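Listed below are the residues making up each chain.
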Amino acid sequence: MRRLIKVGLTGGIATGKSMTLDHWQRVGTAGIDAGELAHQALTPNTPTWNEVVRTFGRKVLNKDETVNRPKLGKIVFADEQKREALNRIIHPAVEKMWTEGVEKLEREGMAKIAVVAIPLLYEVAAETQFDCVVVVGCSALTQLTRLTQKGMSKAQARVRIRAQWPLQMKMDRADFVIWNDGQLAVLHQQAETIWANIKETYHAPCKN
C-alpha cells in the first residue's frame, strides 16, 4: 500500500494559507483546514463548546447559542492568559479531528498526498507529524493591509500578528516557503512549483 504523504501548511495570519490550500485542492490533493475544524469544535453543546462557555461565560454566545467569535476574539486577544486558556481548550480537539481525518485518508488509500493547514502548527509543535512543512509568508505591511481591509483597526491587527510566532522564524524552519506579497497568479505559480517538488521528493521511494 502506498504511504500517504503528509504536508503541513502554515504561516502567519493573512498570508494566504487558505488560498494555497484551495489551489492545491483544485489540482487534486486531499486538504484539511484546521481553521474550519475549529469552527466545528465550537458547535453548540459539544464538549469544546461547553468548556468555552464555562471558561468565558455565556456573554460570548449569540442568541442562537453559537459562539460570537468576534466577541470572544476581543476578550482573548486583550489578555494573553485568556488566549492561552482558549488555546488549551480548542487545540486538542482540533488536533484530534485533523489526525482522525488524515488517518481516514490513509485507510481509504484514495489520496497520495494530504495537506493539513494549521495556523499555529509550530506554536503547538505539530511539525513532527508531517513529512514536510510549507510556510506561506508576506511582508508585515501586507498582513496589516489585509487585516484592516477585513475591518480590523491597525491596533487590533498588530495584536493578532504578535500573537503568533514571527514569520521569519517559521520560514527558517520550513521545508518550502511561498512568498505571497503580490498577485494571486504568482502565489499559484509558486504553489505549483512546490507541489511538483513535493511529489518528486517524497513519492520517489513509493513507486513500487
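Residues numbered from 1 in each chain as written. Predicted model: local features only at pLDDT ≥ 70, side-chain atom pairs only at ≥ 80, totals over all residues. Heavy atoms only, no water.

(A) Region of the structure containing the overall build of the chain. Along its length, the chain carries nine helices and five strands. Seen in sequence order, the chain has helices and strands lined up from the N terminus as β-α-β-α-α-α-α-β-β-α-α-α-β-α. The globule rule puts the C-alpha radius of gyration for 208 residues at 17 Å, and the 18 Å found for the chain is close to it. Counting every position in the chain, which comprises 208 residues, the buried fraction comes to 44%. When contacts within the chain are restricted to residue pairs at least 6 apart in sequence, long-range pairs at least 24 apart make up 74% of them. Counting only carbon and sulfur atoms, one obtains 52% of the accessible surface of the chain, whose full area is about 11,400 Å². Averaging the positions of the 29 positive and the 22 negative side-chain charges in the chain gives two centres separated by 5 Å. (Helix = DSSP H or I, 4+ residues; strand = E, 2+ residues; numbered from the N terminus. Rg over C-alpha atoms; globule rule 2.2 N^0.38 Å. Buried < 20%, exposed > 50% of the residue type's maximum accessible area, 1.4 Å probe, protein only. Contact = heavy atoms within 4.5 Å. Areas by Shrake-Rupley, 256 points an atom, 1.4 Å probe, with all protein chains shown as cover. Lys, Arg positive; Asp, Glu negative; His and termini not counted. Charge placed at Lys NZ, Arg CZ, Asp CG, Glu CD.)

(B) Local environment of the sheet that holds strand E5 (residues 176-179). One open sheet accounts for five strands, arranged E2-E3-E1-E4-E5; its pairing is parallel. The open sheet has two edge strands, strand E2 (30-33) and E5, and neither has a second partner. The mean angle between the axes of side-by-side strands here comes to 20 degrees, regardless of whether they run parallel or antiparallel. In this sheet, E5 lies alongside strand E4 (residues 132-137) in parallel orientation, the contact comprising four bridges. Considered in E5, the bridge of Val-135 is made with Val-177. (Pairing = 2+ DSSP bridges. Axes fitted to C-alpha atoms, helices over the stretch in contact; angles between N-to-C directions.)

(C) Highlighting the side chain of Gln-164. Inspection of the secondary structure assignment puts Gln-164 in the loop between helix H7 (154-162) and helix H8 (167-173). Here the side chain of Gln-164 touches Ile-13 through a polar contact of 2.9 Å, landing on its backbone nitrogen. In contact with Gln-164, other than residues within four places in its own chain, are Gly-11, Gly-12, Ile-13, Leu-120, Glu-123 and Lys-170. (Polar contact = N/O pair within 3.5 Å; in protein donor to acceptor, adjacent residues only side chain to side chain.)

(D) Geometry of the confidence of the model for the chain. Summarising the model, the chain shows a mean pLDDT of 93, and 96% of its residues fall at 70 or more. Per-residue pLDDT stays below 50 along residues 204-208; that stretch engages in three contacts with residues further than four places along the chain or on separate chains. (pLDDT = per-residue confidence, 0-100.)

(E) Quick peek at helix H4 (residues 69-76). Of all the positions in H4, only Leu-72, Gly-73, Ile-75 and Val-76 are classed as buried. Around the axis of H4, the buried residues are gathered within 160 degrees of arc, so they sit on the same side. Seen from the buried face of H4, the exposed residues on the opposite side, beyond 90 degrees, are Pro-70 and Lys-74. Elements in contact with the buried residues of H4: helix H3 (47-56), helix H5 (80-108) and H7. One side-chain oxygen at the N-terminal end of H4 lies 3.0 Å from the backbone nitrogen of Lys-71; it belongs to Asn-68. (Arc of directions from axis to C-beta.)

(F) A look at the packing of H4 against H5. As a packed pair, H4 and H5 sit with axes 7 Å apart at the nearest point and diverge in direction by 125 degrees. If you check the angle between H4 and H5, you find them oblique. Together, Leu-72, Ile-75 and Val-76 of H4 and Glu-80, Lys-82, Arg-83 and Leu-86 of H5 make up the contact between the two elements. (Parallel < 35°, antiparallel > 145°, perpendicular 65-115°, else oblique.)

(G) Up close: unusual backbone geometry. Of note, Ala-14 is a non-glycine position whose phi angle comes to about 65 degrees, a positive value. Phi is positive for Ala-125, which is not a glycine, with a value near 60 degrees. Along the chain, the position of Ala-125 falls in the loop between strand E3 (113-117) and E4. For Ala-125, a relative accessible area of 49% corresponds to the partly exposed category.

(H) Geometry of the packing of helix H2 (residues 34-41) against H5. The contact between H2 and H5 brings their axes to 9 Å, and the two run at 115 degrees. The chirality of how H2 crosses H5 is right-handed. Seen from H2, the contacting residues are Ala-34, Leu-37, Ala-38, Gln-40 and Ala-41; seen from H5, they are Ile-90, Ala-93, Val-94, Met-97 and Trp-98. Partitioned by chemical class, the residues of the contact of H2 with H5 number nine nonpolar, one polar and no charged. (Left-handed = near helix turned anticlockwise from the far one by under 90°. Nonpolar A, V, L, I, M, F, W, Y, C, P; charged D, E, K, R; others polar.)

(I) Geometry of H5. When the terminal C-alpha atoms of H5 are compared, their 41 Å separation across 29 residues agrees well with the 42 Å that a helix rising 1.5 Å per residue should span. Along H5, the residues classified as buried are Arg-83, Ala-85, Leu-86, Ile-89, Ile-90, Val-94, Trp-98, Val-102 and Leu-105. The backbone nitrogen of Gln-81 lies 2.9 Å from a side-chain oxygen of the residue at the head of H5, namely Asp-79. Two residues or fewer past H5, Gly-109 is found with a positive phi of approximately 70 degrees. (Expected span 1.5 Å × (residues − 1).)

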